[in-house]
Amino acid sequence: MSMFKRFVEPGRLALITYGPCAGKLCTVTDIVDQKRVVVDGPEDITGVRRHMMPIKRLSLTDFRFVAKRGIREKVLRKGLEKSGNLNKFWESSWGKKLKTQEARKNMTDFERFKVMCAKQKRSKEVKKSLKKK
């Protein structure tokens, strides 16, 4: 059994961790050399246009579909729709975590206050129920 499961290969879904497209999903379309790959969104689906990117700026996911090197955008779009990898990612625990982080980041001051009050109320109820025993 192999120690590694996520390989850099065409059709691999990845999350961009650094740069102007940070936090967006992309698909590896071609391998340039040991340290760089060509990624594509497609732009209308994920907001990432086709460009070269260092592998250090990517986090590889478990999701991939069979694709040839240098896959065209039209075929890439069909492959993503057929495999449903984007939806699978957002339904995974990693995707849910990113959604909650984004929701917290976009909260207003009053919304943060309401969350704090709800946490305090829940904590009091838990302490009260544990104290009765």
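Please read these numbers as outputs of a predicted model, since none were measured by experiment. (Residues numbered from 1 in each chain as written. Predicted model: local features only at pLDDT ≥ 70, side-chain atom pairs only at ≥ 80, totals over all residues. Heavy atoms only, no water.)

## Comments concerning the state of the cysteines
- Applying the stated criterion to the full structure yields zero disulfides.
- Cysteine Cys26 shares no disulfide, and the gap to the nearest cysteine sulfur, in Cys21, comes to 8.4 Å. (Disulfide = S-S within 2.5 Å.)

## What to know about the side chain of Asn85
- Structurally, Asn85 can be placed in helix H3 (residues 85-91).
- At a separation of 3.4 Å, a polar atom in the side chain of Asn85 contacts the main-chain carbonyl oxygen of Arg64. (Helix = DSSP H or I, 4+ residues; strand = E, 2+ residues; numbered from the N terminus. Polar contact = N/O pair within 3.5 Å; in protein donor to acceptor, adjacent residues only side chain to side chain.)

## Focus: the UniProt feature "domain: Large ribosomal subunit protein eL14" (unreviewed entry) in the protein
- In this numbering, the UniProt entry assigns the feature "domain: Large ribosomal subunit protein eL14" (unreviewed entry) to residues 50-122.
- As a span, residues 50-122 carries 62% helix and 15% strand, and end to end its C-alpha atoms are 47 Å apart. (UniProt positions renumbered as here; feature names shortened; annotations may be inferred.)

## Thoughts on the environment of Lys68
- Note on placement: Lys68 falls in the loop between strand E5 (58-64) and helix H2 (73-83).
- Between the C-alpha atoms of Lys68 and Asp30, which are 38 residues apart in sequence, the distance is 8.2 Å.
- Setting aside residues no more than four positions away along its own chain, Lys68 makes contact with Pro10 and Thr29. (Contact = heavy atoms within 4.5 Å.)

## Side note on the pattern of salt bridges
- Evaluated as defined, the whole model comprises 10 salt bridges.
- Among the ionic pairs, Arg64 bridges to Glu9, the shortest N-O distance being 3.1 Å. Of the two residues, Arg64 sits in strand E5 while Glu9 sits in the segment before strand E1 (12-16), which places them 55 residues apart along the sequence.
- Exposure remark for Arg64: the relative accessible area of 33% places this residue in the partly exposed category.
- Measuring nitrogen to oxygen at the nearest pair gives 3.0 Å for the salt bridge that ties Asp44 to Arg77. Of this pair, Asp44 sits in helix H1 (residues 43-46) while Arg77 sits in helix H2, and the two are 33 residues apart along the sequence. (Salt bridge = Lys/Arg side-chain N within 4 Å of Asp/Glu carboxyl O. Buried < 20%, exposed > 50% of the residue type's maximum accessible area, 1.4 Å probe, protein only.)

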